[in-house]
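Residue-level listing of the chains:
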Amino acid sequence: MGGKDRVPPSPILSPWRRWEALGPIAGLFWRGSVWLYLAAAYAFIFLPVVVLVVFSFQDGRLPVPPMQGVSLKWYAKVLADRDLMAALAHSALVAGVSSAVSLMLGFLAAHGLARSVLPGSVWLRGLLIAPMTVSSLIIALGLLSLFQQTGVRLSLLTVGVGHVVINLPLCFAICYAAMGDHQKAAERAARDLGASEPRVLWLVSAPMLAPALAAAFFLSVTFSWDEFIIAFLLTRFDVTLPVEIWSMLRSGLSPATNAVGSLVFLVSVVAVVGTEAVRRRA
Amino acid sequence: MTAGVSVQGVTRAYGPARALDDVSLDIAAGEFVVLLGPSGCGKTTLLNILGGFAEPDSGRVLIGGRDMAGVGPKDRPTTTVFQDYALFPHMTLAENVGFGLRMRGVAGPARAARAAEMLSLVGLDGRGARKPHELSGGQRQRVALARALAVEPEVLLLDEPLGALDLKLRRAMQDELKAIQRRVGTTFVHVTHDQEEAMAIADRIVVMNAGRIEDVGPPRQVYLSPKSLFSAGFMGEINKISLDGTWRPVPGPGVLCIRPEAFGDQGLDLGAGRVTDAAFFGAHVRVHVAPDAAPEVRLVVHLPQGAMPEPGAAITLRATTWGVLQA
């Protein structure tokens, strides 16, 4: 340190440098506390999930310490539970279909608004994204009163509608952000070569946007998959997995709920990792 | 297939600015026409109107005698080579070139054969399975050309197709473009701001400025006897001597225009002059001369390679070709 031709340090030292300047022990102390802080932050975020997953393997009747041994029996019980498996299938169906619908509507809206100059197009975009800022409780209440007034019976379809409402803004925003001049130029060339509008969309726009479309789809699936409030308020007999888990919890804690929770978490992780993988490849 | 184009009194405004102001132009079938002008002169707007990407506010466009009003790009007998190539990145070269045929319902095998044929026309034989990102800029431009020609358009529109290439490659592509046009016989309408490019390839040059056509004619005519001062200046360096001042080598009014290389041993006598400085330019020696009759004027004169006059040397000024244009 302190060679003659060194650039003089800037008057505002980073905390790191300031501690190091006090001596080797202070420097070590600083580094140690930085890592400690990082560890604490991650522990705060992930401890609940870790506890959930760890006690799903509990060889006992309660998902609390002490750990009485490792067993897969709760997973076996969960996978054999017909109601749970039905709820799982419902969730997958709602997530898949509502995400596909959100993606299609979001993509078309984004394409239209990115391509044409419309009066008040800023407002149109704002209105499309606005539902993101509304709590899902409010959306669910609104849809509930609408469905009851119009006499639509609550079912998986109504949950799906609710999920489209929350996921459409997301899909729109992702697609809109991905559309650039490159896209426009290629679409123009396709039209010039005789492609009709649907074929431009299908053969040029969508394949060129494939990474963004996949990201939007997987993200929607993740949100729909563990969405509770809308699913809870807009279903009656056929319920989705989060609602089923909620009703399990009412009868008390059990490692079985941990096992279901772990499975839900696993699916979410796969969806997020899938999204990230697709985005990176682009 | 090839067809003529007739532009009749076309006007197009963007807000208060007139991108095209009552433009009329007839292009013969099989002709190679270059629209030349500075940026903002309306040449690209005219090309867009031919391609159907913009509609004229007034006037009309006929292609092969058919009125194109309300006909979209998809249904016009034109295709375009874009400046940024606009290739489809997710398709192979063969799929790119075959795209237009696919839109016209041509079956797979026939399409593949035609794509291979077109790729070989532009010197990319056997590369059909590659993707656009594997190519250099020049090669992408060739693919764009092959793609546009594959559907046998009656008129091919080229929007500064060589603008993104470096100078050497651009000169090479010009020759090739000209050769390809001769082979396919399609009407080419080419937009550029490079007058050398225009002279190298055009049957006829259309010089545009501020939404109007300044001059139309074969390269030689536009260069040697331009119809306007703008056209004269845009086609290359030129000496402009105002005939309103005290020095009038020819009777006025107007502006006497002489190209630097038009000075020689005979022709219009401008009297003697004094060299102020000289520089070697390879193909010629570029000299600034102050005529004795008007010492404040500086003329640019190109002398043969061998001559290298010292500053102050006396020189006789005679112009073999010259013209008087109205300001």
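Residues numbered from 1 in each chain as written. Chains lettered and ligands numbered in written order. Predicted model: local features only at pLDDT ≥ 70, side-chain atom pairs only at ≥ 80, totals over all residues. Heavy atoms only, no water.

The secondary structure content of chain A amounts to 13 helices and zero strands. Reading chain A from its N terminus to its C terminus gives the helix and strand order α-α-α-α-α-α-α-α-α-α-α-α-α. Along the first, second and third principal axes, the C-alpha atoms of chain A reach 70 × 60 × 35 Å. Per-residue burial over chain A gives 37% buried out of 282 residues. Contacts in chain A between residues at least 24 apart in sequence constitute 70% of all its contacts with a sequence separation of at least 6. Working note: accessible area of chain A is about 16,700 Å², and carbon and sulfur atoms make up 71% of it. (Helix = DSSP H or I, 4+ residues; strand = E, 2+ residues; numbered from the N terminus. Buried < 20%, exposed > 50% of the residue type's maximum accessible area, 1.4 Å probe, protein only. Contact = heavy atoms within 4.5 Å. Areas by Shrake-Rupley, 256 points an atom, 1.4 Å probe, with all protein chains shown as cover.)

On to the overall build of chain B, then. Across its full length, chain B holds eight helices and 17 strands. Principal axes of the C-alpha set define a box for chain B whose edges measure 75 × 45 × 30 Å. Of the accessible surface of chain B, which amounts to about 14,000 Å², a share of 52% is contributed by carbon and sulfur atoms. Of the side chains in chain B, 34 bear a positive and 35 a negative charge, and the two mean positions are spaced by 5 Å. (Lys, Arg positive; Asp, Glu negative; His and termini not counted. Charge placed at Lys NZ, Arg CZ, Asp CG, Glu CD.)

Residue and element names in this part refer to chain B. Formed by 39 residues in total, the largest nonpolar core has its most connected members in Leu 36, Val 97, Val 143, Leu 145, Leu 149, Leu 156 and Ile 205. Considering each element in turn, this core owes the most residues, seven residues, to helix α4 (residues 137–150). Residue contacts for Leu 145: discarding those within four places in its chain leaves Val 81, Val 122, Leu 156, Leu 158, Leu 177 and Ile 180. Membership of the second largest hydrophobic core comes to 26 residues, among which are Ala 3, Leu 35, Val 71 and Met 208. (Core = buried A, V, L, I, M, F, W, Y, C linked by side-chain atoms within 4.5 Å.)

Time to look at the interface of chain B and chain A. With 22 residues of chain B at the contact, the number on the chain A side is 17 residues. Of the roughly 1,700 Å² buried between chain B and chain A, counting both surfaces, carbon and sulfur atoms make up 65%. Between the two partners, chain B and chain A, sit zero salt bridges. Counting across the chain B and chain A interface gives five residue pairs in polar contact (both at pLDDT 80 or more). (Buried area = accessible area lost by both parts, 1.4 Å probe. Salt bridge = Lys/Arg side-chain N within 4 Å of Asp/Glu carboxyl O. Polar contact = N/O pair within 3.5 Å; in protein donor to acceptor, adjacent residues only side chain to side chain.)

In sheet architecture, strand pairing relies on hydrogen bonds along the backbone and comes in two forms, parallel and antiparallel. All names here are of chain B. Taken together, six strands build an open sheet; the order of strands is β6-β7-β8-β3-β9-β10 and the sheet is mixed. Of all the strands in the sheet, the pair left with one neighbour each is β6 (78–81) and β10 (212–217). On average, each strand axis in the sheet is tilted by 20° relative to the strand beside it, whichever way the strands run. In terms of strand pairing, β6 meets strand β7 (residues 155–159) through four bridges, oriented parallel. Its bridge partner being in β7, Thr 79 is matched across the sheet by Leu 156. The sheet strands contacting helix α5 (residues 167–184) are β3 (32–36), β7 and β8 (187–192), and the helix crosses β8 at an angle near 160°. (Pairing = 2+ DSSP bridges. Axes fitted to C-alpha atoms, helices over the stretch in contact; angles between N-to-C directions.)

The space that makes up the largest pocket amounts to roughly 370 Å³. Here the residues of the lining of the largest pocket are counted per class, giving two nonpolar, no polar and eight charged. (1 Å grid on protein atoms, 1.4 Å probe; cavity = no way out; pocket = protein on both sides within 12 Å on 5 of 7 lines; lining within 4 Å. Points joined across faces, edges and corners; volume = space filled by probe spheres on them. Nonpolar A, V, L, I, M, F, W, Y, C, P; charged D, E, K, R; others polar.)

The next thing to look at is empty space enclosed by the protein. To find leftover empty space, one rolls a probe the size of a water molecule over the atoms. All chains considered together, the criterion is met by one cavity of 30 Å³ or more. In terms of lining residues, the largest cavity is bounded by A:Ala189, A:Asp192, A:Leu193, B:Thr80, B:Phe82, B:Ala144, B:Arg147 and B:Ala148. Looking at the lining of the largest cavity, the elements that each hand over two or more residues are α8 (181–192) of chain A together with α4 of chain B. Among the elements that line the lining of the largest cavity, the one with the most residues is α4(B), at three residues. Its residues assigned to classes, the lining of the largest cavity comprises five nonpolar, one polar and two charged.

Further remarks concern the domain arrangement of chain B. All names here are of chain B. Domain parsing of chain B yields domain 1 (5–232) and domain 2 (238–325). Computed over C-alpha atoms, the centres of domain 1 and domain 2 are 39 Å apart. Every contact between the two is made by seven residues of domain 1 and, on the other side, seven residues of domain 2. Surface buried jointly by domain 1 and domain 2 totals about 640 Å² across both partners, of which 60% is contributed by carbon and sulfur atoms. The largest per-residue losses of area from domain 1 upon contact with domain 2 belong to Tyr 223, Leu 229 and Ala 232, which jointly make up 78% of the total buried on that side. At the junction of domain 1 and domain 2, the tally comes to zero salt bridges. (Domains from an automatic or database assignment.)

How two aromatic rings sit relative to each other is given by the distance of their centres and the angle of their planes. Residue and element names in this part refer to chain A. For the coordinates displayed, the defined rule picks out 11 aromatic pairs over all chains. Judged by centre distance (5.3 Å) and plane angle (20°), the ring pair of Phe 228 and Phe 232 falls under stacked. The partly exposed category is assigned to Phe 228, whose relative accessible area is 26%. For Phe 232, a relative accessible area of 34% corresponds to the partly exposed category. Each ring, one from Phe 232 and one from Trp 246, has its centre 4.8 Å from the other, and the planes form 65°; the classification is edge-to-face. Of this pair, Phe 232 sits in helix α11 (residues 229–233) while Trp 246 sits in helix α12 (residues 241–250), placing them 14 residues apart in sequence. By relative accessible area, which is 31% here, Trp 246 ends up partly exposed. (Phe/Tyr/Trp six-rings, centres within 6.5 Å; stacked < 30°, edge-to-face > 60°.)

Running from N to C, helix α9 (residues 197–208) of chain A and helix α2 (residues 93–103) of chain B point in directions that differ by 155°, and their axes come no closer than 13 Å. Taken together, the axes of α9(A) and α2(B) are roughly antiparallel relative to one another. For the pair α9(A) and α2(B), the crossing hand works out as right-handed. Between α9(A) and α2(B), the residues in contact are A:Arg199, A:Leu203 and A:Val204 and B:Phe99, B:Arg102 and B:Met103, respectively. A class-by-class count of the residues in the contact of α9(A) with α2(B) yields four nonpolar, no polar and two charged. (Parallel < 35°, antiparallel > 145°, perpendicular 65-115°, else oblique. Left-handed = near helix turned anticlockwise from the far one by under 90°.)

Right, let's talk about the sheet that holds strand β5 (residues 66–67) of chain B for a bit. All names here are of chain B. Read from one edge of the open sheet, four strands run β2-β1-β4-β5, paired in antiparallel fashion. Edge strands, defined here as strands with exactly one partner in the open sheet, are β2 (17–27) and β5. Sheet topology places strand β1 (residues 5–14) next to strand β4 (residues 58–63); five bridges connect them, and they run antiparallel. In the strand pairing of β4, Thr 11 is matched with Ser 58.

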